[in-house]
Amino acid sequence: TVQELTPELAAGMGLGQYRGLLVAGIDPGGPAEKGGLHEGDLIQSWDSQAPEKLEDAARMLHKKKSGEKLRLNVIVPRRTGRFIQLFSATKTVSVR
């Protein structure tokens, strides 16, 4: 499950200047989990396109066929005590 990253949510997570779709939930055994996504990851783009709204993401996914791969550019926030480290990663997931 993904949700839009609002300015308030971004500020609370230490992602103030970032835009994208926030991974809010993962289906156990699903494509996102198999692709290495985690709750709290921020999807900035996939296949070189940057959906910031859920409607944009739904439109983009609708054009994909089941089994096709999506290459995601992701910001991975990891909390260490009071600090948040941000890592950039590329992850590949299959479309259901």
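Read on for a plain summary of the structure. (Residues numbered from 1 in each chain as written. Predicted model: local features only at pLDDT ≥ 70, side-chain atom pairs only at ≥ 80, totals over all residues. Heavy atoms only, no water.)

## Topic: the environment of Pro-7
By the secondary structure assignment, Pro-7 is in helix H1 (residues 7-13). We classify Pro-7 as exposed; its relative accessible area is 61%. For the pair Pro-7 and Val-23, spaced 16 residues apart in the sequence, the C-alpha separation amounts to 16 Å. (Helix = DSSP H or I, 4+ residues; strand = E, 2+ residues; numbered from the N terminus. Buried < 20%, exposed > 50% of the residue type's maximum accessible area, 1.4 Å probe, protein only.)

## Structural notes on the sheet that holds strand E5 (residues 83-94)
Taken in spatial order, the five strands of this open sheet run E1-E2-E3-E4-E5, and their pairing is antiparallel. The strands lining the two open edges of the sheet, one partner per strand, are strand E1 (2-4) and E5. Each strand of the sheet is rotated relative to its neighbour by a mean of 35°, with strand direction disregarded. When E1 meets strand E2 (residues 21-23), the two strands line up antiparallel, connected through three bridges. Its bridge partner lying in E2, Glu-4 is registered against Leu-21. Together, E1, E2, strand E3 (42-46) and strand E4 (69-80) form the strand contacts of helix H3 (residues 54-62), whose direction differs from that of E1 by roughly 135°. (Pairing = 2+ DSSP bridges. Axes fitted to C-alpha atoms, helices over the stretch in contact; angles between N-to-C directions. Contact = heavy atoms within 4.5 Å.)

## So, the pattern of salt bridges
Taken as a whole and judged by the stated rule, the model has six salt bridges. Residue Asp-47 is joined to Lys-64 by a salt bridge in which the shortest nitrogen-to-oxygen separation is 2.8 Å. Of the two residues, Asp-47 sits in the loop between E3 and H3 while Lys-64 sits in the loop between H3 and E4, which places them 17 residues apart along the sequence. Given the relative accessible area of 25%, Lys-64 is considered partly exposed. (Salt bridge = Lys/Arg side-chain N within 4 Å of Asp/Glu carboxyl O.)

## Here we look at unusual backbone geometry
Positive phi, normally seen in glycine, also occurs at Asp-47, with a value near 45°. Phi is positive for Ser-48, close to 65°, though the residue is something other than glycine.

## Considerations on the side chain of Lys-91
Take Lys-91: it is sitting in strand E5. Looking at Lys-91, its side chain comes within polar contact range of the main-chain oxygen of Gly-36, at 2.7 Å. Aside from chain neighbours lying at most four places away, what touches Lys-91 is Gly-35, Gly-36, Leu-37, His-38, Asp-41, Leu-70, Arg-71, Leu-72 and Val-76. (Polar contact = N/O pair within 3.5 Å; in protein donor to acceptor, adjacent residues only side chain to side chain.)

## A look at the pairing of E5
Note: E4 against E5, twelve bridges, orientation antiparallel. Looking at the pairing, Leu-70 lines up with Val-93 of E5. Counting the residues in the hairpin turn of E4 and E5 gives two residues, including Gly-81, whose phi is positive at 65°.

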